[in-house]
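The lines below spell out each chain.
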Amino acid sequence: MTDPLDDLDGFTIEVPSWAYGNSGTRFKVFSTPGVPRDPVEKIDDAAQVHALTGLAPRVSLHIPWDRVEDFGALATHAKERGVRIGAINSNLFQDDDYRLGSLTHADARVRAKAVAHHVECVQVMREVGSTDLKLWLPDGTNYAGQDSLRARQDRLADSLQQIYAALDEDQRLLLEYKFFEPYFYATDIPDWGTSLLHCQALGERAQVVLDTGHHAPGTNIEFIVVQLLRAGRLGAFDFNSRFYADDDLVVGSADPFQLFRIMAEIVDAGAHRPSSGVNFMLDQCHNIEEKIPGQIRSVLNVEQALAKALLIDRAALAAAQEAGDVLGAHGVLMDAYETDVRSALADRREARGLPRDPMAAYAASGYGPTTAAERVGGTPASWGS
Ligand code: PSV
Ligand code: MN
């Protein structure tokens, strides 16, 4: 009999460059000794996560935070460290011109500026060999009547067309939604339906990004996963955990059962395999915990949820569902969820020459104290730079 966990082969997770810099809340950004001062050092830290887990071979960049003189050299550096550059994230939320909107702004000059920023991102993608342009639209309004909701959608559709047209044939547009923040009355892409409609209007290579922190409490996220998979438009995840809002906590920390339910639907569609095109990214900021271990923990939690989802006895589940055996079907799912897969995953790692316990291996490596001693001077990277 084949081991269902063999289906983990080929599964990868993408880590964000901004997870390694200092971050905080709007109240306080705490600083940690040894955080990277530039994108090269962020890649060095991200490479540690991959070296110890074997699961995270790509790093997402954020422009302008990760702007460098020579992107080709940065890509080469990543390769030398055993990773490569993944999605390029644009930024429409840190420019005074965007106070009333960016791609939706009433002023054509501001819209053109926001479109031009994406053309720059596409150029970066060419230089680093990235195929994913990720766009989160912060635009919205604070008061009813402040602007025409409908006109904003029309302007957005037009701006997105221009960005989509700038992509090469092998590149895709990943469109992220979020139901609140930084504006509070109306958000211009608040939900998966709005994102999906824009993607469908653009073309096949426009797909939805599902950030697990971007929903109202109680939202059934796995249902959204199913719908996007059915439509062939689930482009990527931004994984993180939330208790309240967009908390960006360690993946699977707040609700490991939700993560399992999401991965159960992924497995049901075979979307954990690379051929699905779903990019399993993390979007996280570590405020008080150490950053590299925070990323290692997140990556391992995603793997663990996927492993449990692979253990679901699909035949027994289908039989119980067909028989209308409500609790029997639920029991099949829970059997998989309650299986302790930790030693099986450690065995798999060992067989691949990886440490059985990546968290312990990182602590024993001395990388943290060494970089803290070496990275003296300069400006530590921070959320927003
Ligand atoms: C917005 O909250 C978001 O989820 C987008 O993905 C941004 O690019 C990212 O966070 C910045 O941390
Ligand atoms: Mn996100």
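Provided above is the structure to which this section pertains.
The text that follows walks through the structure, step by step, so that each part is easy to find. (Residues numbered from 1 in each chain as written. Chains lettered and ligands numbered in written order. Predicted model: local features only at pLDDT ≥ 70, side-chain atom pairs only at ≥ 80, totals over all residues. Heavy atoms only, no water.)

## Section: the overall build of the chain
Each helix and strand counted, the chain has 13 helices and ten strands in total. Along the first, second and third principal axes, the C-alpha atoms of the chain reach 60 × 60 × 40 Å. Looking at the 385 residues of the chain, the share that counts as buried comes to 53%. Contacts in the chain between residues far apart in sequence, at least 24 positions, make up 78% of those at least 6 positions apart. Accessible area for the chain stands at about 16,900 Å²; split by element, carbon and sulfur atoms hold 53% of it. Charge centroids of the chain, computed over 36 positive and 55 negative side chains, lie 3 Å from each other. (Helix = DSSP H or I, 4+ residues; strand = E, 2+ residues; numbered from the N terminus. Buried < 20%, exposed > 50% of the residue type's maximum accessible area, 1.4 Å probe, protein only. Contact = heavy atoms within 4.5 Å. Areas by Shrake-Rupley, 256 points an atom, 1.4 Å probe, with all protein chains shown as cover. Lys, Arg positive; Asp, Glu negative; His and termini not counted. Charge placed at Lys NZ, Arg CZ, Asp CG, Glu CD.)

## Remarks on the site of ligand 1
Around ligand 1 there are 13 residues in total, and Glu-176, Lys-178, Asp-211, Asp-246 and Asp-283 lie nearest to it. At 3.5 Å from an oxygen atom of ligand 1 is found a side-chain nitrogen or oxygen belonging to Trp-18. Asp-211 places a polar side-chain atom, nitrogen or oxygen, 3.0 Å from an oxygen atom of ligand 1. Its residues assigned to classes, the shell around ligand 1 comprises three nonpolar, three polar and seven charged. (Near = heavy atom within 4 Å. Polar contact = N/O pair within 3.5 Å; in protein donor to acceptor, adjacent residues only side chain to side chain. Nonpolar A, V, L, I, M, F, W, Y, C, P; charged D, E, K, R; others polar.)

## What about the pairing of strand β10 (residues 279-282)?
Consecutive residues of a regular strand have side chains that alternate between opposite faces of the sheet. Along β10, one buried face is formed by Asn-279 and Met-281 and the opposite face, lined by Phe-280 and Leu-282, is buried too. Note: strand β9 (residues 234-239) against β10, four bridges, orientation parallel. Bridge pairing in β10 places Ala-236 opposite Asn-279. Where the polypeptide runs from β9 across helix α7 (residues 256-268) and back to β10, its parallel neighbour, the crossover connection is right-handed. (Pairing = 2+ DSSP bridges. Right-handed = clockwise from strand over helix to strand, strands pointing away.)

## Looking at the side chain of Thr-104
As for its placement among the helices and strands, Thr-104 is situated in the loop between β3 (84-89) and α3 (108-128). In this structure the side chain of Thr-104 is engaged in a polar contact, spanning 2.7 Å, whose partner is the side chain of Asp-139. Those residues in contact with Thr-104, other than ones at most four positions away along the chain, are Arg-111, Leu-137, Asp-139, Arg-152, Arg-155, Leu-156 and Asp-188.

## Here we look at the packing of α7 against helix α8 (residues 291-310)
At a closest axis distance of 8 Å, the pairing of α7 and α8 adopts a crossing angle of 55°. As the angle between them shows, α7 and α8 are arranged oblique. Crossing handedness for the pair α7 and α8: right-handed. In this structure, α7 contributes Leu-259, Phe-260, Met-263, Ala-264 and Val-267 to the contact, and α8 contributes Asn-301, Val-302, Ala-305, Leu-306, Lys-308, Ala-309 and Leu-310. Among the residues making up the contact of α7 with α8, the classes are represented as ten nonpolar, one polar and one charged. (Axes fitted to C-alpha atoms, helices over the stretch in contact; angles between N-to-C directions. Parallel < 35°, antiparallel > 145°, perpendicular 65-115°, else oblique. Left-handed = near helix turned anticlockwise from the far one by under 90°.)

## Quick word on the coordination of the manganese ion (ligand 2)
The protein atoms donating to the manganese ion (ligand 2) are Glu-176 (OE), Asp-211 (OD), Asp-238 (OD) and Asp-283 (OD), with metal-donor distances spanning 2.1 to 2.2 Å. Here the manganese ion (ligand 2) is ringed by six donor atoms whose angles at the metal span 72 to 165°, and the overall shape comes out octahedral. Motif for the manganese ion (ligand 2), donor spacing along one chain: E-x34-D-x26-D-x44-D. A residue pair is termed long-range when its members are at least 10 positions apart, and Glu-176 in strand β6 (residues 172-176) and Asp-211 in strand β8 (residues 206-211) qualify at 35 residues. Assessed through its relative accessible area of 3%, Glu-176 is described here as buried. The exposure class assigned to Asp-211 is buried, which follows from its relative accessible area of 0%. (Donors = N, O, S within 2.8 Å, 3.2 Å for Na, K, Ca; no water. Tetrahedral: all angles 85-135°; square planar, octahedral: opposite > 155°, others 65-115°.)

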